[in-house]
Amino acid sequence: MAVARLALDPRRTVGPVNRRLFGSFVEHLGRAVTNGIYEPSHPSANEQGFRKDVIDLVAELGVSVIRYPGGNFVSGYKWEDGVGQVAERPRRLDLAWHSIETNEVGLHEFAGWVASVDSELMLAVNLGTRGIDAALSLVEYCNLRGGTALADERARNGRVDSFGIRMWCLGNEMDGPWQIGHQSADDYGKLASRTARAMRAFDPSLELVVCGSSDAQMPTFGEWERAVLSHTYDDVDYISCHAYYEEQNGDLGSFLASAVDMDQFIESVIATADHMKAARGSDKIINLSFDEWNVWYQCRFENVDKINGVDNWPIAPRLLEDSYSVVDAVVVGNLLISLLRHADRVRCACLAQLVNVIAPIMTQPGGIAWRQTIFFPLALTAQLARGESLQAQLSCDEYDTAAYGSVPVVDAAATHDGQAGRASIFVVNRSLTETTELTVELPCLTGDTAGSATTLSDADVYAANTLINPKRVGPHTNESLTLSDGYATIALPPVSWTVIEINQISPGAGEA
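Residues numbered from 1 in each chain as written. Predicted model: local features only at pLDDT ≥ 70, side-chain atom pairs only at ≥ 80, totals over all residues. Heavy atoms only, no water.

Draft legend 1. Quick look at a negative patch on the surface. A cluster of like negative charges, contributed by D397, E398, D400 and E434, occupies part of the molecular surface. Turning to its location among the elements, D400 is positioned in strand β17 (residues 398-401). On the basis of relative accessibility, which here comes to 67%, the residue D400 falls in the exposed class. (Patch = residues over 30% accessible without salt bridge, like charges linked within 9 Å, V, L, I, M, F, W, Y side chains within 5 Å. Areas by Shrake-Rupley, 256 points an atom, 1.4 Å probe, with all protein chains shown as cover. Salt bridge = Lys/Arg side-chain N within 4 Å of Asp/Glu carboxyl O. Lys, Arg positive; Asp, Glu negative; His and termini not counted. Charge placed at Lys NZ, Arg CZ, Asp CG, Glu CD. Helix = DSSP H or I, 4+ residues; strand = E, 2+ residues; numbered from the N terminus. Buried < 20%, exposed > 50% of the residue type's maximum accessible area, 1.4 Å probe, protein only.)

Set out below in structure tokens:
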């Protein structure tokens, strides 16, 4: 049996855990909206046409912020198409996903749905085919209480109070040649700066996110961030990161170490942002919004889902409906560990996406909704990661990977809620074959302290929850855990994600 040791001290912190770390993303793509969250003919549908069973699962998932309406979709979207009488809304071609958008769900409907799941709406503006004027009109329509044509139009459309949206994305993945309206870093940076300044003229307190690289493997990565921030540093609060991971060519060891890449991605963007801070002699800190991340088997879109043909424009086709396994859930849990490890600078993150499209929640039209394996690490981390992220001192064996070289077999992050006297430890065992005995050391504790451990693992690492067997995989029943004089030992199965809960934490004792 392999061994690992994790030392924690509640006084050694990374930074506060922002609740926006546990966000998600809904785009008008495939069945994410139509026949996903919205299905008026479903037996559980409410008066607005939204599935109550999906609302319940999203509320259970605990997503804190939801980015909308894209994604690639937003770069060709006219927000005005999604307001007013539904019967009068135009149908439009969605060039991003080769579909027809009915606009049955627009700003008002989606904002109401976000409120029903107790989350925050994060809105993206179109800087692909549109620009400053449309962005200004949208922010005025959303956030002005009244007294202008746009605010009064919102009231006539059923919303007297403003939407009060605080966080805004200035376009989406404008570095990508696939993006409608793709631009160079200089051209996008100039447009984003002008748009941000105009939006701040309306409300200086808006929180604005500028587009970073859509992937760390983009040939422009690094230089894109530098050039964009050279134009926008004084105008925005965040720069975005996007990353997706998948098992390639049967290389399970590298896939399980995907968080190594996320760590490097985050630290590279921080370094670039801080270089710009120093070069400008600025006191301002640009933080990161990791507003797209997940496991995504991208080859499926190219080889299975991609729609072609000038006369073939379906409504809500089945696109990107990946079925997730145990190993996918372990990777997602590890990516959450990476986000917690950088909680001082990653202040927002969105698992992409939420329902049906590379999603933790799946639905059958007219039928059930169920939790995919990746649902569980996000739900439990969102529930239990509170207070401050802690510096984790971890020692363990390493293993060799083709993609990242030698990496630790075990990875971990921890949080401490001083007011509640509670700590949570999130840990993965990346070994394909070997159980690892983990010793947790919390020298600030004396005597015996109660805790529990919940583990997601399975003898079949490719086991998944499906329409036929929607409850095949789930977290193991909590194991009781006793810490004696600040030490506890737990066995981590191969290819597993575990959360350890510890109560009655006292940071006042122990070595500094």
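Draft legend 2. Looking closely at the confidence of the model for the protein. Within the protein, residue pLDDT values average 95, and 98% of them lie at 70 or more. Contacts for the low-pLDDT stretch residues 508-512, under 50 throughout, to residues beyond four places or in other chains number 10 contacts. (pLDDT = per-residue confidence, 0-100. Contact = heavy atoms within 4.5 Å.)

Draft legend 3. Expanded view of the pattern of salt bridges. On inspection of all chains with the given rule, the structure shows 24 salt bridges. Among the salt bridges present, the one from E60 reaches R371, with a minimum N-O distance of 2.9 Å. Of this pair, E60 sits in helix α1 (residues 52-61) while R371 is found in strand β14 (residues 369-371), placing the two residues 311 residues apart along the sequence. Salt-bridge contacts for D274 lead to R345; the nearest nitrogen and oxygen are separated by 2.9 Å. Here D274, found in helix α8 (residues 258-280), pairs with R345, found in the loop between α10 (326-341) and β12 (346-352); they are 71 residues apart in sequence, far enough to count as distant. Three or more residues are tied together by salt bridges with common partners; here these are D263, R341, D411 and R430.

Draft legend 4. A look at the packing of helix α5 (residues 185-202) against helix α6 (residues 223-232). Closest axis-to-axis distance for the α5/α6 pair is 8 Å, and the angle between their directions is 30°. Taken together, the axes of α5 and α6 lie roughly parallel to each other. The handedness of the crossing between α5 and α6 comes out as right-handed. Each of A185, D186, Y188, G189, K190, A192 and S193 in α5 lies in contact with α6, whose residues at this interface are W224, A227, V228, H231 and T232. Counted by class, the contact of α5 with α6 contains six nonpolar, four polar and two charged residues. (Axes fitted to C-alpha atoms, helices over the stretch in contact; angles between N-to-C directions. Parallel < 35°, antiparallel > 145°, perpendicular 65-115°, else oblique. Left-handed = near helix turned anticlockwise from the far one by under 90°. Nonpolar A, V, L, I, M, F, W, Y, C, P; charged D, E, K, R; others polar.)

Draft legend 5. Inspection of the nonpolar core at higher detail. Judged by nonpolar contacts, the single largest core of 167 residues is most densely connected at W113, W168 and F290. Among the elements that make up this core, the one with the highest residue count is α10 (11 residues). Ignoring any residue separated from it by four or fewer positions in sequence, one finds W168 in contact with L123, V125, L138, V139, C142, N143, M199, L206, E207, L208 and V209. (Core = buried A, V, L, I, M, F, W, Y, C linked by side-chain atoms within 4.5 Å.)

Draft legend 6. Local environment of the packing of aromatic side chains. Counted under the stated rule, the structure contains 11 aromatic pairs. Between F265 and F290, the ring centres sit 5.5 Å apart and the planes meet at 75°, which makes this aromatic pair edge-to-face. You can see F265 sitting in helix α8 and its partner F290 sitting in strand β11 (residues 287-295), a full 25 residues away along the chain. On the basis of relative accessibility, which here comes to 0%, the residue F290 falls in the buried class. Among the aromatic residues, ring-to-ring pairing joins Y38, F50, Y68, F110 and W113 into one connected group. Against the face of F25 rests R67, its NZ or CZ located 4.7 Å from the ring centre. Stacked on the ring of F375, the Lys or Arg R371 has its end atom at 5.7 Å from the ring centre. (Phe/Tyr/Trp six-rings, centres within 6.5 Å; stacked < 30°, edge-to-face > 60°. Lys NZ or Arg CZ within 6 Å of the ring centre and 35° of its normal.)

Draft legend 7. View of the sheet that holds strand β8 (residues 167-170). Ordered in space as β3-β4-β7-β8-β9-β10-β11-β12, the eight strands form a closed barrel in which the pairing is parallel. Strand-to-strand twist across the sheet, computed as the mean angle between neighbouring axes with direction ignored, equals 30°. Contacting β7 (120-125) and β8, helix α3 (residues 132-143) crosses the sheet at an angle of about 160° to β7. Across the sheet, α8 touches β10 (238-245), β11 and β12, and the angle it forms with β10 is around 160°. (Pairing = 2+ DSSP bridges.)

Draft legend 8. Examining α5 more closely. For α5, spanning 18 residues, the distance from its first C-alpha to its last is 26 Å, which sits close to the expected 26 Å at 1.5 Å a residue. Of the surrounding secondary structure, the elements contacted by the buried residues of α5 are α3, β8, β9 (207-210) and α6. (Expected span 1.5 Å × (residues − 1).)

Draft legend 9. Up close: the packing of α3 against α5. The geometry of α3 relative to α5 is characterised by a closest axis approach of 9 Å and an angle of 30° between their N-to-C directions. Classified by the interaxial angle, the pair formed by α3 and α5 is roughly parallel. In this structure, α3 crosses over α5, and the sense of that crossing is right-handed. Seen from α3, the contacting residues are I132, A135, L136, V139, E140 and N143; seen from α5, they are L191, R194, T195, A198, M199 and F202. A class-by-class count of the residues in the contact of α3 with α5 yields eight nonpolar, two polar and two charged.

Draft legend 10. Broad picture of the side chain of S75. Relative to the helices and strands, S75 is located in the loop between β4 (65-68) and β5 (92-94). Under the relative-accessibility criterion, S75 is labelled buried at 1%. Polar side-chain contacts of S75 include one of 2.8 Å to the side chain of Q179. If we skip the residues at most four places from it in the chain, S75 touches N126, G128, T129, N172, M174, Q179 and I180. (Polar contact = N/O pair within 3.5 Å; in protein donor to acceptor, adjacent residues only side chain to side chain.)

Draft legend 11. How the structure looks around the layout of surface pockets. Quantified by volume, the largest pocket comes out at close to 1,100 Å³. Along its surface, the largest pocket is lined by 46 residues, and D215, Y244, E246, W296 and Q298 are the ones closest to its centre. Only β10, α7 (252-256), α8 and α9 (299-305) provide two or more residues apiece to the lining of the largest pocket. For the lining of the largest pocket, the leading source of residues is β10, giving four residues. Here the second largest pocket defines a volume of roughly 190 Å³. The wall of the second largest pocket is formed by 15 residues, among which G76, Y77, K78, R92 and L93 lie closest to the centre. When residues in the lining of the second largest pocket are grouped by element, the largest group, three residues, is from β5. Considering only residue class, the lining of the second largest pocket consists of five nonpolar, four polar and six charged. (1 Å grid on protein atoms, 1.4 Å probe; cavity = no way out; pocket = protein on both sides within 12 Å on 5 of 7 lines; lining within 4 Å. Points joined across faces, edges and corners; volume = space filled by probe spheres on them.)

Draft legend 12. Examining unusual backbone geometry more closely. Across the junction of Y68 and P69, the peptide omega takes the value 5°, indicating a cis bond. Unusually for a residue other than glycine, N103 sits at a positive phi of about 65°. By the secondary structure assignment, N103 is in the loop between β6 (99-101) and α2 (107-116). Residues other than glycine seldom take positive phi values, yet N249 does so here, at roughly 55°.

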